[in-house]
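Observations on chain architecture
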Amino acid sequence: MFEKVVTPSDVGKLNRLVVPKHYAEKYFPLRAAARSSPEGTVLCFEDARGGGGGGGGGGDTWRFRYSYWSSSQSYVITKGWSRFVREKRLSAGDTVSFCRAGGRLFIDCRRRAATVPSSLAPQAALIKVQLPSVVDEKEAARDRRCLRLFGVDLQLRGETPALDLQL
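Description of the structure in this document. Computed from a predicted structure; not experimentally measured. (Residues numbered from 1 in each chain as written. Predicted model: local features only at pLDDT ≥ 70, side-chain atom pairs only at ≥ 80, totals over all residues. Heavy atoms only, no water.)

One side chain can pair with another of opposite charge once the charged atoms of both are near each other. Tallying each qualifying case throughout the model produces eight salt bridges. Where aspartate 108 meets arginine 49, a salt bridge forms, and the shortest distance between an N and an O atom there is 2.7 Å. Taken as a pair, aspartate 108 in strand 7 (residues 104–110) and arginine 49 in the loop between strand 3 (41–47) and strand 4 (61–69) lie far apart in primary sequence, 59 residues in all. Judged by its relative accessible area of 21%, aspartate 108 is partly exposed. (Salt bridge = Lys/Arg side-chain N within 4 Å of Asp/Glu carboxyl O. Helix = DSSP H or I, 4+ residues; strand = E, 2+ residues; numbered from the N terminus. Buried < 20%, exposed > 50% of the residue type's maximum accessible area, 1.4 Å probe, protein only.)

In structure tokens:
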């Protein structure tokens, strides 16, 4: 159905996951009674990986309270969410996926991509550019002052016919 990259507040002390409004209204519509009630409704998700479930029910089922907060006009998953975060060791930047197969709901998560250590990050490249030689003296003077690179005119200083560019 959809995925959400969790934010620091989704996995922090607020103990709630904000469900983007367009996904909430499309995939988890609340009946009028549940929408106006602070208790909302309970959504049951099967763990897509089959294990480590919690929040009541079977060993592979996650039960969450799902409601609409009119004060912030947002749809939220509350009760049961903090346990899911703790057991799955979620942190900001991880992705939570919500899927449906027939009448069954599934939840899954995956870690954000590991960052590349700075020692392995690509280093800046130094490129030496040699300006073309020109026969006409007036044109030569103009060419020493301007170089067109990727559609941009770079103004040059001095009489140096070579440039060092760092990318």
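Attention shifts here to the pairing of strand 6 (residues 95–101). Every regular strand shows the same layout, with side chains that alternate between the two sheet faces. With four bridges joining them, strand 1 (residues 2–5) and strand 6 adopt antiparallel strand pairing. Each residue of the ladder has a partner; that of lysine 4, found in strand 6, is valine 96. Note that strand 6 and strand 7 share seven bridges and pair antiparallel. Counterpart to serine 97 in the pairing with strand 7 is aspartate 108. Counting the residues that bridge the hairpin from strand 6 to strand 7 gives two residues, and of these glycine 102 lies at a positive phi of roughly 65 degrees. (Pairing = 2+ DSSP bridges.)

As a volume, the largest pocket reaches approximately 170 Å³. Along the wall of the largest pocket there are 11 residues; nearest its centre are Phe28, Pro29, Leu30, Thr41 and Leu43. Taken together, the residues of the lining of the largest pocket break down into eight nonpolar, one polar and two charged. (1 Å grid on protein atoms, 1.4 Å probe; cavity = no way out; pocket = protein on both sides within 12 Å on 5 of 7 lines; lining within 4 Å. Points joined across faces, edges and corners; volume = space filled by probe spheres on them. Nonpolar A, V, L, I, M, F, W, Y, C, P; charged D, E, K, R; others polar.)

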